[in-house]
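Take a look at the letters that make up each chain.
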Amino acid sequence: MAELQFREAIRAAMVEEMERDATIFLMGEEVAQYNGAYKVSEGMLDKFGPRRVIDTPISENGFAGLGIGAALNGLRPIIEFMTFNFSFVAFDQLINNAAKIRYMSGGQFKIPIVFRGPNGAAGQLAATHNTSTESIYATIPGLKVVAPSNPDDAKGLLKSAIRDDDPVLFLESEVMYGMRGEVSEEEDYLIPIGKARVAREGTDVTLVAHSKSYWIAMRVADRLAEEGYSAEVIDPRTIRPLDVDTILDSIRKTNRCVIIDESNPYASISSEITYQIQDRAFDFLDAPIVRITAKDTPAPYAKNLMAYYMPQEDDAYRACKKVMYVD
């Protein structure tokens, strides 16, 4: 194991895959000359040259479409959005082209493309730069949506995403790029897309959380442990396909569930997980499912309002006590 920052783990995955396969290239705003807006692609231009690490104009619709065309012609592009809020400019390319061409061609075309970059809130960036997009894109058949919570998962899942023959949206977090963690040095390290991780085993309540919300869940589990309660923490890792079976196995053991989800509450990831649990494991529930989400409003700018807007650790902690009937 080696200790890497989140950004370094992502870079390692891209470098290893580009060394392995000459059809892979990276393209996006400032990925080359500037070494990436968040220094994720630092040094990659020097290593691979301007034909494989390509700076683009500020035109997400244009370079997303170019990437899809390249994928249709046998290449394997990695397209970086400086933030996934900007992916909305390329919505037609992602929703009507990347997601649907394989189906509409009867399988004659593959779309091996990864769209990656920071997703969700990153502080005082106001409403148009703080959207948690996974619940939007996960509704679209044909797209895979991955949201890792730590450097090790980031590396293993990104390598799998690059090798996938379907379009993958790889959602990172701007505030996690500097996070350090142990990363496997196993040769050709791959983590399968669609398999959740049981991050912490427990018996009294199940906490389900992905991306940076996962770290809220872990802190809540620590607080509960200090009081003698045992929380199980499930990190879905992949939003679509969603590993429902691992979540259900946990519910059958703990009989209670709290979901922490940075999405806005209406038609959110937590909404889908709640439905799946009640549909397939209702008889195992000893309490209603509680979800802790962002508030149902555009993200504010003021620091105190932004803190209130985001899912709160104290709310998740109280929710666990509530479903355990010890509040």
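All values derive from a computational prediction rather than experimental measurement.

Attention now goes to the packing of aromatic side chains. This structure, assessed with the given rule, holds 10 aromatic pairs. Here the aromatic rings of Phe88 and Phe91 are separated by 6.2 Å at their centres, their planes lie at 75 degrees, and the arrangement is edge-to-face. Its relative accessible area of 33% is what places Phe91 among the partly exposed residues. Every member of this aromatic cluster is reached through a ring pair, and the members are Phe63, Phe81, Phe84, Phe88, Phe91, Phe115 and Tyr137. In this structure, Lys47 packs its charged tip against the face of Phe48, placed 5.9 Å from the ring centre. The ring of Tyr317 has Arg223 lying over it, and the distance from NZ or CZ to the ring centre is 4.1 Å.

Okay, the pattern of salt bridges next. Scanning the entire structure with this criterion turns up 30 salt bridges. Here Glu80 and Arg116 are joined by a salt bridge, their closest N and O atoms 2.7 Å apart. Of this pair, Glu80 sits in strand E4 (residues 76-80) while Arg116 sits in strand E5 (residues 114-118), and the two are 36 residues apart along the sequence. Given a relative accessible area of 3%, Glu80 falls into the buried group. Close ionic contact of Asp153 with Arg237 constitutes a salt bridge, the shortest N to O distance being 3.1 Å. Placement of Asp153 in helix H7 (residues 151-163) and of Arg237 in the loop between strand E11 (231-235) and strand E12 (238-240) is noted, with a sequence separation of 84 residues between them. Accessibility expressed as a relative area gives 9% for Arg237, which makes it buried. Via salt bridges that share partners, Glu16, Glu17, Arg20, Lys155, Lys159, Arg163 and Asp188 belong to a single interconnected network.

For the rest of this paragraph, the subject is the sheet that holds strand E10 (residues 205-209). Strand pairing in a sheet is mediated by backbone hydrogen bonds. Such pairs are either parallel or antiparallel. The sheet built from 5 strands is open, its strands ordered E9-E11-E10-E13-E14 with mixed pairing. The open sheet has two edge strands, strand E9 (197-200) and strand E14 (290-293), and neither has a second partner. Geometrically, the sheet is characterised by an average inter-axis angle of 25 degrees between neighbouring strands, direction not taken into account. Of the pairings in the sheet, the one linking strand E13 (residues 257-261) to E14 comprises 4 bridges and is parallel in character. Following the sheet pairing, Ile259 is matched in E14 by Arg291. Sheet strands touched by helix H9 (residues 244-254): E9, E10, E11 and E13. Its angle to E11, the strand with the most contacts, is close to 170 degrees.

Each value, and the rule that gives it
- Residues numbered from 1 in each chain as written.
- Predicted model: local features only at pLDDT ≥ 70, side-chain atom pairs only at ≥ 80, totals over all residues.
- Heavy atoms only, no water.
- Phe/Tyr/Trp six-rings, centres within 6.5 Å; stacked < 30°, edge-to-face > 60°.
- Buried < 20%, exposed > 50% of the residue type's maximum accessible area, 1.4 Å probe, protein only.
- Lys NZ or Arg CZ within 6 Å of the ring centre and 35° of its normal.
- Salt bridge = Lys/Arg side-chain N within 4 Å of Asp/Glu carboxyl O.
- Helix = DSSP H or I, 4+ residues; strand = E, 2+ residues; numbered from the N terminus.
- Pairing = 2+ DSSP bridges.
- Axes fitted to C-alpha atoms, helices over the stretch in contact; angles between N-to-C directions.
- Contact = heavy atoms within 4.5 Å.

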